[in-house]
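# Report on the structure
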Amino acid sequence: MLRNYIITTLRILSRQKVYSAINLFGLTLGITSTLLLILYIADEVSYDRFHTDADRMYRSVMTARLNDQEFKTVYTGLPMSEAMLKDVPAVESVVRITKWSTIPVRFDDKTFTENRFLLADSNFFNFFSFPLIAGNPKEALNGPNKVVISESAARKYFGYTGPGDLSPIGKMFFVGSQGETKAEVTGIAADVPHNSHLKFDFMLSITTWNQLNYPMWLNSAVVTYFKIRPNTTIEDVNDKYTYFVNTYIAKEIEMFLQMSMAQLEASGSFVRFESQPITDIHLRSQLSDELEPNGNIRYLYLFGMIAVFLIVLACINFMNLSTARAANRAKEVGIRKTIGALRHKLIAQFMMESYLYTVLAVVFALTLVSLSLNFFNVITAKNILFTSLLNPLFLGGLFVFTLIIGALAGSYPAFYLTAFKPAEVLKGKVRAGFKSSGIRNALVVFQFFISIGLIISTLMVFQQLKFVQQQNLGFDKRNIMTLLHTMNLDKNGEAFKNELKQYAEIESITFVNRMPPNVDWNSAFRIVDTGQDQMLTVYVTDHDALETMGYQLAAGRFFSRDFKTDTAACLINEAALRQIGWDTHEGKKILSRFNTLEGNELEVIGVIKNFNYESLKNNIRPMIIILGGEPNFEAGIRFSSENIKRNIELVESIWKKYAPQAPFEYSFLDTNFAAKYKAEERMGQVFIIFTGLAIIIACLGLLGLATYSAEQRAKEISVRKVMGASVSQLVLLLSKDFARLIIIAFVLAIPLTLYLLQEYWLSGFAYRIDFNPWIIGGAGLLALVVALFTISFQALRAAMGNPVDSLRSE
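Numbering of residues starts from 1 in each chain and follows the order in which that chain's sequence is written. Two thresholds apply to this predicted model, a pLDDT of at least 70 for residue-level local features and 80 or more for giving and counting side-chain atom pairs, whereas whole-chain, interface and lining totals are computed over all residues. Excluded from the side-chain calculations are hydrogens and water; all other atoms, namely the structure's heavy atoms, are used.

## Things to note about the overall build of the chain
- Numbering of helices and strands starts at the N terminus; helices are DSSP runs of H or I of at least 4 residues and strands are runs of E of at least 2. Assigned secondary structure in the chain consists of 24 helices and 25 strands.
- Only protein chains enter the accessibility calculation, which uses a 1.4 Å probe; a residue is then buried when its area is under 20% of its type maximum, exposed when over 50%, and partly exposed in between. Counting every position in the chain, which comprises 810 residues, the buried fraction comes to 53%.
- The criterion used for residue contact is that any of the two residues' heavy atoms lie within 4.5 Å. Look at the contacts in the chain between residues 6 or more apart in sequence, and 79% of them connect residues 24 or more apart.
- To be clear on the numbers: accessible area is Shrake-Rupley with a 1.4 Å probe, and residue cover counts the displayed protein chains and nothing else. Total accessible area on the chain is roughly 35900 Å²; 56% of this is exposed by carbon and sulfur atoms.

## Details of the sheet that holds strand β25 (residues 666–668)
- Here the rule is simple: two strands pair whenever DSSP picks up at least two bridges between them. Across the sheet, which stays open at both edges, the 4 strands sit in the order β16-β24-β15-β25 with antiparallel pairing between neighbours. Looking along the sheet, the strands with just one partner apiece sit at the ends: β16 (506–512) and β25. Each strand axis lies, on average, 20° off the axis of its neighbour in the sheet, ignoring direction.
- Sheet topology places β16 next to strand β24 (residues 634–639); 6 bridges connect them, and they run antiparallel. Looking at the pairing, Ile 509 lines up with Ile 637 of β24.
- As a rule, the C-alpha atoms of each element are fitted with a line to give its axis, helices using only the stretch in contact, and angles between N-to-C directions run from 0 to 180 degrees. Where helix α15 (residues 493–500) meets the sheet, it contacts β15 (480–483), β16 and β24, and its direction lies at approximately 160° from that of β16.
- Against the sheet, helix α18 (residues 644–658) engages β15, β16, β24 and β25, with an angle of about 35° to β15.

## So, a nonpolar patch on the surface
- What goes into a patch is any residue over 30% in relative accessible area without a salt bridge, connected to like charges within 9 Å or, for nonpolar side chains (Val, Leu, Ile, Met, Phe, Trp, Tyr), within 5 Å. By definition here, a salt bridge exists when the distance from a side-chain nitrogen of Lys or Arg to a carboxyl oxygen of Asp or Glu is within 4 Å. On the surface, Phe 399, Val 400, Leu 403 and Ile 404 cluster together into a nonpolar patch covering about 380 Å² of accessible area.
- Within the secondary structure, Leu 403 is located in helix α12 (residues 392–417).
- Taking relative accessible area as the criterion, Leu 403 reaches 37% and is therefore assigned partly exposed.

## Description of the packing of aromatic side chains
- Planes of paired rings set the category: under 30 degrees apart is stacked, over 60 is edge-to-face and the rest tilted, where pairs are Phe, Tyr or Trp rings (Trp by its six-membered ring) whose centres lie within 6.5 Å. On inspection of all chains with the given rule, the structure shows 51 aromatic pairs.
- Arranged with centres 5.6 Å apart and planes meeting at 50°, the rings of Trp 217 and Phe 244 form a pair that is tilted. In this pair, Trp 217 is assigned in the loop between β12 (202–205) and β13 (222–228) and Phe 244 in helix α6 (residues 235–257), connecting sequence segments 27 residues apart. Here the two residues Trp 217 and Phe 244 agree in accessibility, since each one is buried.
- Ring plane angle 55° and centroid distance 6.4 Å describe the contact between Tyr 243 and Phe 244, whose orientation is recorded as tilted.
- Judged by relative accessible area, which is 36%, Tyr 243 ranks as partly exposed.
- By relative accessible area, Phe 244 is classed as buried at 0%.
- An aromatic cluster is defined as three or more aromatic residues linked by ring pairs; in this entry it consists of Phe 50, Phe 124, Phe 125, Phe 127, Phe 128, Phe 130, Phe 200 and Tyr 225.
- Here the guanidinium or amino end of Lys 240 rests over the ring plane of Tyr 243, the centre of that ring lying 4.9 Å away. Two limits define a charge over a ring: the Lys NZ or Arg CZ must be within 6 Å of the ring centre, and within 35 degrees of the ring normal.

## Quick word on helix α2 (residues 17–45)
- Multiplying 1.5 Å by the helix residue count minus one yields the expected span of that helix. Between its first and last C-alpha, α2 extends 41 Å over 29 residues, near the 42 Å set by a 1.5 Å rise per residue.
- Most of α2 is tucked away: 21 of the 29 residues are buried.

## Structural notes on unusual backbone geometry
- A cis amide bond, omega 5°, links Pro 516 with the succeeding residue Pro 517.
- Positionally, Pro 517 belongs in the loop between β16 and β17 (522–527).
- Of the consecutive residues Glu 630 and Pro 631, the connecting peptide bond is found in the cis state with omega at 5°.
- With respect to the helices, strands and loops of the structure, Pro 631 is situated in the loop between β23 (623–627) and β24.
- Backbone geometry places Thr 102, a non-glycine residue, at a positive phi of 40°.
- For Thr 102, the location among the structural elements is in the loop between β4 (91–100) and β5 (103–107).

## With respect to the pairing of strand β9 (residues 146–150)
- Counting buried positions along β9 gives 4 out of 5 residues, so the element sits mostly inside the fold.
- Pairing of β9 with strand β11 (residues 181–189), which is carried by 5 bridges, proceeds in the parallel orientation. In the strand pairing of β11, Ser 150 is matched with Ala 189.

## Looking at α15
- Those residues of α15 that sit buried are Gly 493, Phe 496, Lys 497, Glu 499 and Leu 500. The arc that holds the buried residues of α15, viewed along the axis, is 165°, so those residues lie on one side.
- Buried residues belonging to α15 abut β15, β16, β24 and α18. Starting at the helix axis, one direction is taken to each C-beta atom, and the arc is that of these directions.

## A few points about the nonpolar core
- Among the nonpolar cores identified, the biggest contains 113 residues, and Phe 448, Ile 452, Tyr 539, Phe 690 and Trp 761 are the most heavily contacted of them.
- Setting aside residues up to four positions removed in sequence, Tyr 539 forms contacts with Val 512, Asn 513, Arg 514, Pro 516, Val 519, Met 549, Tyr 551, Phe 611, Met 623, Ile 624, Ile 625 and Ile 626.
- We call a set of buried residues a nonpolar core when its members are Ala, Val, Leu, Ile, Met, Phe, Trp, Tyr or Cys and they connect through side-chain atoms within 4.5 Å of each other. In this structure, Trp 217, Val 245, Leu 264 and Ala 524 belong to the second largest nonpolar core, which totals 30 residues.

## Considering the environment of Ser 718
- Following the sequence through the fold, Ser 718 ends up in helix α21 (residues 714–722).
- On a C-alpha basis, the gap between Ser 718 and Leu 730 in space is 9.7 Å, while along the polypeptide they are 12 residues apart.

## What to know about the side chain of Thr 358
- Here Thr 358 is to be found in helix α11 (residues 343–380).
- Judged by its relative accessible area of 0%, Thr 358 falls in the buried class.
- With residues near it in sequence (within four places) discarded, Thr 358 still touches Leu 27, Ile 31, Thr 402, Ile 405 and Gly 406.

## Digging into the packing of α15 against α18
- Running from N to C, α15 and α18 cross one another at 155°; their axes reach a closest spacing of 10 Å. As judged from the angle between their axes, α15 and α18 are roughly antiparallel. Of the two elements, α15 crosses α18, and the hand of that crossing is right-handed. On α18, the residues that touch Ala 495, Phe 496, Glu 499 and Leu 500 of α15 are Val 651, Ile 654, Trp 655, Lys 657 and Tyr 658.
- A per-class count over the contact of α15 with α18 returns 7 nonpolar, no polar and 2 charged. Any angle from 65 to 115 degrees is called roughly perpendicular, while one under 35 is roughly parallel, one over 145 is roughly antiparallel, and all others are oblique. With the far helix as reference, a near helix turned anticlockwise by less than a right angle produces a left-handed crossing, and one turned clockwise produces a right-handed crossing. Residue classes follow a fixed rule: Ala, Val, Leu, Ile, Met, Phe, Trp, Tyr, Cys and Pro count as nonpolar, while Asp, Glu, Lys and Arg count as charged, and any other residue, Gly among them, counts as polar.

## Describing the environment of Arg 229
- The residue Arg 229 is located in the loop between β13 and α6 in this model.
- Look at Arg 229 and you get partly exposed, because its relative accessible area is 38%.
- Residues Arg 229 and Pro 89, spaced 140 residues apart in sequence, show a C-alpha to C-alpha distance of 8.4 Å.
- Here Arg 229 is in contact with Arg 56, Pro 89, Ala 90, Val 91 and Glu 92, once residues within four sequence places are set aside.

## Things to note about the pattern of salt bridges
- This structure, assessed with the given rule, holds 31 salt bridges.
- Measuring nitrogen to oxygen at the nearest pair gives 3.3 Å for the salt bridge that ties Arg 56 to Glu 92. Taken together, the residues Arg 56 in the loop between α2 and β1 (57–66) and Glu 92 in strand β4 connect sequence positions 36 residues apart.
- Relative accessible area serves as the criterion here: at 13%, Arg 56 is assigned to the buried category.
- Among the charged side chains, a network of salt bridges with common partners joins Lys 497, Asp 542, Asp 544, Arg 561 and Glu 630.

## Here's the deal with the packing of helix α3 (residues 80–87) against α6
- Axis separation between α3 and α6 bottoms out at 11 Å; the angle between their running directions is 120°. It follows that α3 is oblique to α6 by the angle criterion. When the axes of α3 and α6 are compared, the crossing they make is right-handed. Here Met 80, Ala 83, Met 84, Lys 86 and Asp 87 of α3 come into contact with α6, specifically with Val 237, Lys 240, Tyr 241, Tyr 243, Phe 244 and Tyr 248.
- Here the contact of α3 with α6 is built from residues that sort into 8 nonpolar, no polar and 3 charged.

## A word on the environment of Leu 650
- Here Leu 650 shows up in helix α18.
- Sequence separation between Leu 650 and Tyr 503 is 147 residues; the distance between their C-alpha atoms is 8.9 Å.
- With near-sequence residues (within four places) excluded, Leu 650 lies in contact with Tyr 503, Glu 505 and Ile 506.

Right under this line is the structure:
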């Protein structure tokens, strides 16, 4: 019986080559797209699950509010780990980690800037499941000035050849701008898996860090990970956080803010902690100070919906074309029933056809996935391997997926076609075709409802990205170089600046602690006249920042070399003025709690207009601007010339003169701002690709239906042509029904698409576009044009045909 089903199915496929090709191609595209998106989603949800005890690992996160300004950070105070081990019986072990960003590392004559440089407690390699290729996991970080490097770092610095090569062990690195920290290589770790939120090439023992000498709860210095004991719950830890606040943090609040915890909370301020499962960090934590940029669960929901939509579109094509061909199969069904075929046998026959199509489509789809995976990895910044498809779990899922798709695509046609009564079929009373099926029309509407929704989404995504890239930041970001490691200039900072300014290509230069969009230093300051404490972003500059960056003053003046007292002065931005509640800055003072200025009263000499110093996903936060020395950690260099190659060579030549041992590391300000939206750009590219595929799949179905509609109305068209109808009138006749369906789909798609865009995309930006009716109208027009273009081929062919061919039998 099965053999007969297969033979019959193959005969039908060979007889109806056009419809078979459309069905197969549509299903193949839908399954290929869905498999690629499933691979992407599976990779995203796999983050950090490779650790042996991942289900018992957590990270502590601190949330604090100070006078209506709330912030959340992955960093906690140094004493947190000791308190957890002492006061929380449910905690089995704790490890502290911190990161040194863009740190120069030197070995012999090789110097590189390392961005994946971490410090950790000695139990790091026992806590996490990062294997060591060489070295003792228990001893590698036990003691100061010890470092474990990755295989990649070992190859870069020492020409490491692989397991068994111990030549890097015992070698000494010099770390820091001045090479002030020595570190001996005590181990080599396997390169960190790509699906880890915690990535490193250098892991330095945390006891090397002199910050350990200042253990304070309110000094957020380390990321604290902990592991709970078996048969305990995370609530056993969460219940203790309040105890930590009331017992330990309350003492520091009294010491620094001169108020009790009760008074602090009565003013609406607070300090709280919460626990994040390690497996949730990548997708559910997007804090500004994450160790690595994370993914976003919202994007996964969107991609999941697109995957479902695409496969449903392909299944709808199959249903539509199968039921549209009902008349051609009706006599077959009638004859089979007349000679005794049972309905369930006929259903089995049609389901077999569906499954054969699906199996062939899956085979072709796997081939397409293997061919397109490299390109897909490029646009998504992933490293998904084709071997992922050979995973037994994935293969099992693919088998179930094939069964579901076969059933979904074939069930409606099977039950629809086998419901015909033999007597009516053989008398020619069964009406089939485009006009006879409201369900088929509804499916076409649904297809274009999805396609138009994706078109609107894609256009809005790129419009938002264009908006943030062209938004006025409050300064001119063009032609500005960000120069790193400028502390290497040491006493030559002023000489370096003066020599650069002698060249016509250099318009101005400023030394700062951090350049936008990465100004991320924060500290509490006391407002002298109100006694209130405010959390402010700290921007340390020299006298030339206003000129170099193009910032604008709202009131007062900027730092000047003519005023020696400016070392005890500051400026604030408009957001800080508003947050503090001042009408004017004049005569106001702020008590500093920041580093070397702690305890000094700073006179507010001016207010600077708000400028974006972070991603435009964030609102502009209150900022204080303090005068620093020359050099500082970074420099901004504005060029008058747009000859980038010449500008870089000029700065590098002078840099080598004053800091010959330091790496020359730079970037450009506009590029740095653009990098903040890389994830969104990748999402936009994914949207554009799968929107295109959705349109193709929908148009394939439309092409098939238009072809069949033209066949069914061939005699009508011939009669109309004989009676004098023009080609354009006939094309309009065949197109208007489809156009009506697309307009209905467009109207239905608008509200849901706009809601989803607001909820899952635009809400992530502090600065965002309004919904543009031109974009929405353009999306509908594009869908209509593409659909009518698809239909027009068959409509023209039918309209220009010879009427004699259709009327010959009459």
